[in-house]
Structures are given as C-alpha cells and as structure tokens.
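Residues per chain, in single letters:
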Amino acid sequence: MLYFFLTLSSVNSQGSPQDAFIIQYLERRLTQIEERLNLCEQNTVSVTQKAYDLSSEMRGHLTTVNAMRSEFRSQLDSISVRVERVERELEYLENKMPAPSDIDIEEALLEQQIKAAELDQLKKKAKIKVENDCNVVLSQIKSLKIIKKMGETAGSWFKDPSNGSTKVYLLSGVRNNTLLEYTNLQSFTEKIAVPPFKVVRLPFSWQGTGHMVYNGFLYYHKADTPNQILKVDLSNGTVVDSTLLPGAGRLPVYSLNTNTYLDMAMDELGLWVIHADPEYGGNLVITKLDKGNLAVQYIWDTQCKSYDAEGAFIICGTLYVVYNTRYGGRSTVQCLYDIHDTIHSGESPVVFFPKRYTSHSSINYQPGDKQLYAWDDGYQTIYEVETRNNGQVTVE
C-alpha cells in the first residue's frame, strides 16, 4: 500500500492535472476502503466476543439442565417405587377385605347388638321405676328446726343415709380438706368443752357445698377440677374411686350458689349428681351414678332452670328445685322433674319453705328420716317434709 502511494506521488509529480485528479480520487477511495476494513475488523472482534460469552452462558445452562435431569430421573425412580408399593398394598387390602355378603352380615349383627343394648337400657330404666316401691311425691314442707349455728356462712351437713348408720357429718365453707364426723345427731347438738367429733383430713380439698356420705364413703367434687368426683373411705382417708362427669363443670349448678358446680344427692333410689349444662340453656341435668364404682347409669335433661335457684334435692327419683331472690327471701320449690314421668311442674303447686327470710347454701334430703338437712346462713337447720302416694308405678 505504501509502495502504491509512493508511486501515485511520483506520478502526480510528473503527470498532467487530469492524472492528478484521478490519483486523488483513488486515494480517497483507498482511504474509505481502509476505514471500512478497520470497522469490519472491530465488528468481527465484537461478534467473536459475543459468541464466546454466549457459548459460556450456554455451557452454564447445559450444566443446570443436566443437574435437573438427574434430579428428575431420581424423583421419577422414587415415584415408581412408591407406585409399586401402593399397588402391592392395594392388592393386599383387596385380598383381606371381606366379601359384600360378609359386610352385610356384620352390619346386621351390629344393628342387632345396638337394639339389644337399647332394650337392656329400657329394662334397667323400668327396673329403677319400681325399685324400693318408691312412688311418693312431696306435698309440703311442714316445719323448721334450727339445730345449731356453727362454721362459715356457707357449708353443708347431713346424715349417712345407709341402713344402721347414725353418723352426722359437717363440712364448713366452700373449699377445705377437713370433715367433722359426729356419732349421732345428739352429739352434734351438745355444747361441751371437748368437741364430740372426729376430724377427718381428706387427701384432696373439696369445692362447693354439694357433698354426700353413704355407708362411710364421702362423695365430693375435687377442687381445681371442672368435673372430677372422688369417693373417699372415711375410715382411713384414702381415695377408693373417682370419675369425670360428662358435660359438667362449665356452669355453677345454681346461680345463687356460685361456688357449687356439682351437687351430690341421695334418695331411696341411690346416688345422684345435679349440674347445669350450657348446651341446654343452663337447665339442670341429673345423673344417676353407681355408688360402688361411680359409673354413669342414666342421664336426664330437665326443663328446670338454674337461674335464681339456690339448691335442689331428690325424693324417689323426682328432682325438686328450690328458688329464691338474690337478696335473700322465702325459699320455694317451683320446678320439679320426675324420671318416672308421672308428675309434671305444671300440675304441681308451688311448695313454700317455712317463713325464714334467708338463703340456703345446701339442702340434703335424708330418705330414712324424711327430712331436709339445710345450711342456712351458718345455721344448721332441719325441715320436716310431708309426702303423699302418687299411685302405683307400673312398667309398660
């Protein structure tokens, strides 16, 4: 190229003006060609760099794809193993499942068993209706006798209603672990220097005032539990059995006695528990318990409200609910529930307690004496009750 320019220079110096013009034209064209060659070289370098970068990026993507392919193959193998396992388990279950005829037989057998259980319950219910020939109802509460004033404002006292027992028990307050045992009602009323009672320390504290003793065993609501009932042998102070009462412990059993959530009761038919259930609008529920093992035998939902109630008792399977006012007044029985379904609240007149304008923290029926043992603002009182025959209860 240099030689070509030297030659053109030499010709330019020796030639005519026309030749000089041609030579200048050629020089400009050569300069343009040289510029284009330089631009082409630059573009070539840029394209080469981009191709290298793209090749590096593709190699990275290829590595990622290879890794994902390996992982996918591994997962596919795992799924294949699981599918085979499920197929084997399905085949095993198909071999173990009974034939449709066997299922029909089992359903028929289950239905027979359910019907037999229902029939057995009906028979038991029929049996409780005539047990002990208990067919009397409350007609009136005749008289009031104040026995003593002892302990706190709230509490409970009662006799052991089992045959041959004369012992009297007192539990003062709504939470404690001490029970006082008297040999009989006379020793309870005596005022002497030396207390004529035995102090029994219980293994756990009670809650409320709904306790009961039968045949030397105390039944009470264990404190700090919503619905646990304990059976304690008073001869040695040990727990011999316990149970959790279904659905109980969510409301006070009586709105005027807010510390009591479970109220134990005893009548001619045995041991009962009274509680309020929020699922039934706060109405009272009565449960029949087995005295021996505390097993639930029967449950009845009643129409009796817990609102403005201060206590209740049971006579011959009939619940009598005692109502009062929040300021204390004359107590009345305004609602009852008969498990025999022979008497109803609407047919029974209101029964008034003898005129004493206070309130009860506990009322316990003593079936042997036909009396109510009540705790009346710290006074231990006894009410005589009068009953009438309700006619012979028959089993349908």
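Residues numbered from 1 in each chain as written. Predicted model: local features only at pLDDT ≥ 70, side-chain atom pairs only at ≥ 80, totals over all residues. Heavy atoms only, no water.

Student: What is the right way to look at the environment of Asn-227 in this model?
Tutor: With respect to the helices and strands, the residue Asn-227 is situated in the loop between strand S7 (217–221) and strand S8 (228–233). Sequence separation between Asn-227 and Gly-249 is 22 residues; the distance between their C-alpha atoms is 4.9 Å. In contact with Asn-227, other than residues within four places in its own chain, are His-221, Thr-243, Leu-244, Leu-245, Ala-248 and Leu-262. A polar atom in the side chain of Asn-227 sits 2.8 Å from the backbone oxygen of Leu-245. (Helix = DSSP H or I, 4+ residues; strand = E, 2+ residues; numbered from the N terminus. Contact = heavy atoms within 4.5 Å. Polar contact = N/O pair within 3.5 Å; in protein donor to acceptor, adjacent residues only side chain to side chain.)

Student: What am I meant to see in the packing of aromatic side chains here?
Tutor: Each aromatic ring pair is summarised here by two numbers: the centre-to-centre distance and the angle between the ring planes. Applying the stated criterion to the full structure yields nine aromatic pairs. When the ring of Tyr-182 is compared with that of Phe-188, the centres are 4.9 Å apart and the planes differ by 85°; the resulting orientation is edge-to-face. Tyr-182 gets classed as buried once you look at its relative accessible area, which sits at 1%. The interplanar angle of 90° and the centroid separation of 4.9 Å between the aromatic rings of Phe-353 and Tyr-383 together place this pair among those described as edge-to-face. (Phe/Tyr/Trp six-rings, centres within 6.5 Å; stacked < 30°, edge-to-face > 60°. Buried < 20%, exposed > 50% of the residue type's maximum accessible area, 1.4 Å probe, protein only.)

Student: I keep staring at the sheet that holds strand S12 (residues 283–289) and nothing clicks. Help me out?
Tutor: What links the strands of a sheet is backbone hydrogen bonding, and the strands pair in either a parallel or an antiparallel sense. Within the open sheet, the four strands sit side by side as S10-S11-S12-S13. Their pairing is antiparallel. Each having just a single partner strand, strand S10 (263–267) and strand S13 (296–305) make up the two edges of the open sheet. When strand polarity is set aside, the average angle formed by the axes of neighbouring strands in this sheet is 25°. Pairing of strand S11 (residues 270–277) with S12 involves seven bridges; the strand directions are antiparallel. For Ala-276, the partnering residue across the bridge sits in S12 and is Leu-284. (Pairing = 2+ DSSP bridges. Axes fitted to C-alpha atoms, helices over the stretch in contact; angles between N-to-C directions.)

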